[in-house]
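# Reading the structure
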There are 2 protein chains.
Amino acid sequence: MIRLHVPDPLAAGAVVVPSADQARYLVGVMRQGLGDSVLLFNGRDGEWRAQLVEVSKKGCRLAAVERVREQTSPPDLDLIVALVKRGPLETIVEKAVELGARRIRLALTRRTNADHTNVARLQAIATEAAEQTGRLETPQVVAPEKLDRILDAWPDGRRLMFCDEAGDDPAAEWGGRAGRARSALAALAEAGGGPWAVLIGPEGGFAPEERARLREAAFVAPVTLGPRILRADTAAIAALALWQAARGDWTEN
Amino acid sequence: MIRLHVPDPLAAGAVVVPSADQARYLVGVMRQGLGDSVLLFNGRDGEWRAQLVEVSKKGCRLAAVERVREQTSPPDLDLIVALVKRGPLETIVEKAVELGARRIRLALTRRTNADHTNVARLQAIATEAAEQTGRLETPQVVAPEKLDRILDAWPDGRRLMFCDEAGDDPAAEWGGRAGRARSALAALAEAGGGPWAVLIGPEGGFAPEERARLREAAFVAPVTLGPRILRADTAAIAALALWQAARGDWTEN
C-alpha cells in the first residue's frame, strides 16, 4: 500500500490535503481513485489508514480512518557524514534512512572539498526513503557544520563510532588501548548502552590532527572496517548495519 | 598509486602491455610518463610495482620491478543475487567486490523480471572495483542461472545465508527451529566454519515455493535484516558486511 509522510495531525476522521507532488503521484501515477486506501504517518501519531474522499483536477483530500500502527522510534543513532560528492551523498542519505538512522548530520572536514550542499533536496530524499522503508518518522538532515564544532559541542553520554579508513597508523602513538582502532563488532560489544553516532569521513580521509583528536576523545570508539579500501557510501552502509545488528533493532529478541 | 589488473604472468623483469583502455587511462588521463610506477596484480602472483618503460602514441609497456605483496585470497564467500534492475545490480557488484565476495552469481527467480544482463559489463565493473579497493584478484561474475538449478547443484559443506525480507510468516509452518529466520549475527555466530554464500532476492521478494524450499534446506540459515524494508542493494551490502564482521576478515585477530 502507498505510504505518505504528511505534516498534519492524524486522528480518526482528520482530513488531510496532500501536497501537489503527492496528489500527482497518487492520482496521476498510481491511478488511485475515490475510496482507495493509503497509509499516512507524521512522526507523532503512528501510522493511519486513510481513504481518498475527494479527487479533482486541483488535487485530492484524504480522510484518516484507523490507526494501524502505534508510533515508535528507532534506536538513538545519528549518522555524521562528511560532504562527499553528490551521487554518493544522496545514496548515503537514502540508505541511512533504510538502516534506521534517526538524524543525518553533514560535516565539513579539513579534506572536504565542498562547503555546501542542497539540504532541501537531501531532506526530500530522506522523506521518500522513509515512506518506502516503512518508518513512522522522517530523519532530519542537518545542514553542514564544521567537524571541530560538532566535536566541541559533543553531548554527554553519546558514543561515536569513528570509521577510520586509514586504520592504525604505526607512526602515531595513540596512548594505549583507548585510541587503538578495533574491529567494529568487538568495539560495539564492549561499549555500554545509550545513544550513539557513526562518523564517515571524506574521500581524502581525515587530516592527521582530526584523527588525533578523534582517537583521543573518551567518547570515541575508533573502528576499522576490514582490510580493503571502502568508498564512503559502502563504509556508511556497512557501519550502520553493524551497529543495528550489534546494538540496535536488528538484535535478537 | 594506480593499480591495474592484468592477465599476464608477473615476475621480476616481466614486460606487460596494458590494454588500450588502460594505456589511455595511465598516459592520457593520469599523465604518467617514463619511469613512473604503477601497481599490477593478476590474481596469482601477488602485487608488483612496475615502471613505465615505453610510451608511444600506440600504447605503453610496463616492466615489473618488485613484488610488494604476496598473493592472498579473501575468505570463501559467494554472493548470489537475483537479477534486479541495472542500476542497483551494478551497485551491488561494485560493493560486493569492496566487501570481499570471492564470486558473484546472478540468479533467475520466479519473480525476477529480466532473464539476461550484460555480464561482460558487470565483470568490467568488478575488475575496476578490485583495482580500487586494493584486492589481489578479481571476483568472477557468473552468468545468470535459475535459482532452482543453483540449489539442485549445491556443493557439500557450503552454508547459505538467506536474507528473507518477508521475515517469518506466521501462516507457514517451518518445521521448528531449523527453518526459523533469526537475526543475522545470531545465525552466523552459531554456524560452523567453512565456505558460505549470501542470497539476496528480487524486488518482488521470493515466491512462496522458493521460500519454503530455502527454509527447509539443511545448508540454509534464514536471517532477517531488521524491521525496515530494505532495497536489494542495501540488503546485499548489509549482509556482506555482517558476514565479514562475524566470520570473515573483519574479525579481530
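Residues numbered from 1 in each chain as written. Chains lettered and ligands numbered in written order. Predicted model: local features only at pLDDT ≥ 70, side-chain atom pairs only at ≥ 80, totals over all residues.

### Examining the overall build of chain A
This is how it is decided: Only runs of H or I of at least four residues qualify as helices and only runs of E of at least two qualify as strands under DSSP, and these elements are numbered from the N terminus. Burial is judged by counting other C-beta atoms within 10 Å of a residue's own C-beta: 20 or more means buried, 12 or fewer means exposed, and anything between counts as partly exposed, with every C-beta placed from the backbone. Contact between two residues is assigned whenever their backbone-derived C-beta positions fall within 7 Å.
A count of helical and extended segments in chain A gives 7 helices and 12 strands. Expressed as lengths along the three principal axes of its C-alpha atoms, the size of chain A is roughly 70 × 40 × 30 Å. The buried share of chain A, reckoned over its 253 residues, is 41%. Here the analysis covers contacts within chain A between residues at least 6 apart in sequence; of these, 75% occur between residues at least 24 apart.

### Description of the relation of the copies chain B and chain A
Just so we agree on the cut-off: When the copies are superposed, the least-squares fit takes in the C-alpha atoms of residues with a pLDDT of at least 70 in both.
Mapping chain B onto chain A leaves a residual RMSD of 0.0 Å; the transformation is a rotation of 180° accompanied by 0.0 Å of translation along its axis. Between the two chains, the operation in question is that of a two-fold axis. The C-alpha atom lying nearest the rotation axis in chain B is that of Ala238 of chain B; the distance is 2.8 Å.

### Points about the domain arrangement of chain A
Residue and element names in this part refer to chain A. We count it as follows: The start and end points of each domain follow an automatic or database-based domain assignment. Each residue gets one of three labels, nonpolar for Ala, Val, Leu, Ile, Met, Phe, Trp, Tyr, Cys and Pro, charged for Asp, Glu, Lys and Arg, and polar for the others, Gly among them.
Assigned domains within chain A: domain 1 (3-69) and domain 2 (77-246). Relative to domain 2, the C-alpha centre of domain 1 lies at a distance of 35 Å. Of all the elements, strand β1 (residues 3-5) adds the most residues to the side of domain 1 that touches domain 2, at 3 residues. Among the residues making up the side of domain 1 that touches domain 2, the classes are represented as 2 nonpolar, 3 polar and 3 charged.

### Overview of the confidence of the model for chain A
How we decide: Confidence of the predictor at the level of single residues is captured by pLDDT, which takes values from 0 to 100.
Confidence along chain A averages 92 in pLDDT terms, with 94% of residues attaining 70 or more. Two numbers describe this predicted complex: its pTM, 0.93, and its ipTM, 0.93.

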